[in-house]
Amino acid sequence: MSVISSRYARAFADVVFSAKLDAATITAEVEQFTEMAASSPQLDEVFISPSIPHDQKLRLLDQLIGRMGASRQTRNFLAVLIDHRRIHELHVIAQQFKTELAERMGFVEAEVITARELGDDEKREMETHIADLTGRKVRASYARDPQVLGGAVVKIGSTVYDGSVRGQLQRVKAQIAAS
């Protein structure tokens, strides 16, 4: 993730908070547009092509935003990315934007990877443990990976907490090899 991408994400988060917009609605609008652009290589090409006049790009953006029913602020954010030739980084900027909003609202995004599907009680217990660890409210997403074998791997930003059986076995292997 580039510093420039982070700068755009923070600036848009500033707009959302200063205008007291509904963060969930704005996030959904950005995600919807990101998915639309990702699903249509032609659309992406139009926005990044230097041979297509800028005003045509903005007219197309306005049509798409109109169909989506998205806010003026989302439209303006996307227009800035087009103006500054950063629309090709939309996916990365959108992810950073979500992270920035979550941090400002006191949440931490955590990805929990386990060998099996967790029950609701186990998920609540995991989220409580992560909240105790981070001191923040948790928004967790869950994934399964049979290679974990047991336990869990928790990713919070760039930090990885490996409490998996696989991780423990790898640490034991390293200790044996070192001695």
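In this text, all values refer to a predicted model and were calculated from it rather than measured experimentally.

A. How the structure looks around a nonpolar patch on the surface. A grouping of Leu149, Val165 and Leu169 is seen on the molecular surface, where their side chains present a nonpolar patch of about 270 Å² in accessible area. Structurally, the position occupied by Leu169 is in helix 8 (residues 165-178).

B. Representation of the pattern of salt bridges in the model. Within the structure shown, the criterion is met by 10 salt bridges. For Glu31, the salt bridge is made with Lys98, and the minimal N-O distance between the two is 2.9 Å. Of the two residues, Glu31 is situated in helix 2 (residues 23-39) and Lys98 in helix 6 (residues 90-104); the sequence distance between them amounts to 67 residues. Residue classification places Glu31 among the partly exposed residues on the basis of a relative accessible area of 29%. The partner of Glu117 in a salt bridge is Lys123, with the nearest N and O atoms 3.7 Å apart. Each of Asp14, Glu100 and Arg104 takes part in one network of salt bridges that share partners.

C. Inspection of the environment of Ile176 at higher detail. For Ile176, the location among the structural elements is in helix 8. The class of Ile176 is exposed, set by a relative accessible area of 59%.

D. Structural context of the packing of helix 2 against helix 3 (residues 41-48). Where helix 2 contacts helix 3, the axes come no closer than 5 Å and their chain directions differ by 100 degrees. Between helix 2 and helix 3, the crossing angle belongs to the class labelled roughly perpendicular. In this structure, helix 2 uses Phe33, Met36, Ala37 and Ser39 to contact helix 3, whose residues at the interface are Pro41, Leu43, Asp44 and Phe47. Classifying every residue of the contact of helix 2 with helix 3 gives six nonpolar, one polar and one charged.

E. Fine view of the sheet that holds strand 4 (residues 159-162). What the four strands build is an open sheet, ordered 2-1-3-4; its pairing is mixed. The two strands at the open ends of the sheet, each matched to only one other strand, are strand 2 (137-144) and strand 4. Looking at each pair of strands side by side, their axes are set apart by 20 degrees on average, direction ignored. Pairing analysis gives four bridges linking strand 1 (residues 107-114) to strand 3 (residues 152-156), with the strands arranged antiparallel. Residue Glu111 lies in a different strand from strand 3, and its bridge partner there is Lys155. Taken strand by strand, helix 7 (residues 120-134) contacts strand 1, strand 2, strand 3 and strand 4, and its axis lies near 130 degrees from that of strand 2.

F. Seen up close, the nonpolar core. Grouped together as the largest cluster of nonpolar side chains are 28 residues, with contacts concentrated most on Phe33, Phe47, Leu61, Phe77, Leu78, Leu81 and Phe97. Those elements that place two or more of their residues in this core are helix 1 (3-18), helix 2, helix 3, helix 4 (54-68), helix 5 (72-83) and helix 6. Setting aside chain neighbours within four positions, we find Leu78 in contact with Phe33, Leu61, Ile65, Ile87 and Leu90. By size, the runner-up hydrophobic cluster in this structure holds nine residues, among which are Val108, Met126, Val154 and Ile156.

G. How the structure looks around the packing of aromatic side chains. Counted under the stated rule, the structure contains four aromatic pairs. A network of ring pairs unites the aromatic residues Phe12, Phe77 and Phe97 as a single cluster. Of note, Arg139 hangs over the ring of Phe107, and the distance from its end group to the ring centre comes to 4.0 Å.

H. Spatial organisation of the environment of Gln95. Looking at where Gln95 falls in the secondary structure, it is placed in helix 6. Accessibility expressed as a relative area gives 37% for Gln95, which makes it partly exposed. Sequence separation of Gln95 and Ala9 is 86 residues, and the distance between their C-alpha atoms is 8.4 Å.

I. Structural detail: the pairing of strand 3. Extensive coverage of strand 3 is indicated by the burial of four of its five residues. Relative to strand 4, strand 3 runs antiparallel, the two sharing four bridges. In the sheet register, Val154 faces strand 4, and the bridge partner there is Tyr161. Linking two consecutive strands that pair antiparallel, namely strand 3 and strand 4, is a turn of two residues; a positive phi of about 65 degrees is found at Gly157 within it.

Each value, and the rule that gives it
Starting afresh in each chain, residues are numbered from 1 along the sequence in its written order. Predicted model: local features are reported for residues with pLDDT of at least 70 only, side-chain atom pairs are reported and counted for 80 or more only, and whole-chain, interface and lining totals are derived from all residues. Based on all heavy atoms of the structure, the side-chain values leave hydrogens and waters out of the count. In this scheme, patches are assembled from residues that exceed 30% relative accessible area and form no salt bridge. Like charges are connected within 9 Å, while nonpolar side chains (Val, Leu, Ile, Met, Phe, Trp, Tyr) are connected within 5 Å. Areas reported as accessible are Shrake-Rupley estimates using a 1.4 Å probe. Residue values count occlusion only from the protein chains shown. Salt bridges, as used here, are contacts in which a Lys or Arg side-chain nitrogen is within 4 Å of a carboxyl oxygen on Asp or Glu. Secondary structure is summarised from DSSP: a helix means a run of H or I of at least four residues, a strand means a run of E of at least two, and numbering begins at the N terminus for each. Each residue is placed in one exposure class: buried if its accessible area under a 1.4 Å probe, protein chains only, is under 20% of its type's maximum, exposed if it is over 50%, and partly exposed if it falls in between. Lines fitted to the C-alpha atoms define the axes, with helices restricted to the stretch that makes contact. Angles between their N-to-C directions range from 0 to 180 degrees. For classification, angles of less than 35 degrees are called roughly parallel, those exceeding 145 degrees roughly antiparallel, those between 65 and 115 degrees roughly perpendicular, and all remaining angles oblique. Contact definition: two residues touch when any of their heavy atoms are within 4.5 Å. In this count, Pro and Cys sit with the nonpolar residues alongside Ala, Val, Leu, Ile, Met, Phe, Trp and Tyr, while Asp, Glu, Lys and Arg are called charged and the others, Gly among them, polar. Strands are labelled as partners when DSSP assigns at least two bridges between them. As used here, the term nonpolar core means buried Ala, Val, Leu, Ile, Met, Phe, Trp, Tyr and Cys residues forming a set that is joined through side-chain atoms within 4.5 Å. The aromatic pairing rule takes the rings of Phe, Tyr and Trp, using the six-membered ring of Trp, and pairs them if the centres are within 6.5 Å, calling planes under 30 degrees apart stacked, those over 60 edge-to-face and the rest tilted. Geometrically, a lysine NZ or arginine CZ counts as sitting over a ring once it is within 6 Å of the ring centre and also within 35 degrees of the ring normal.

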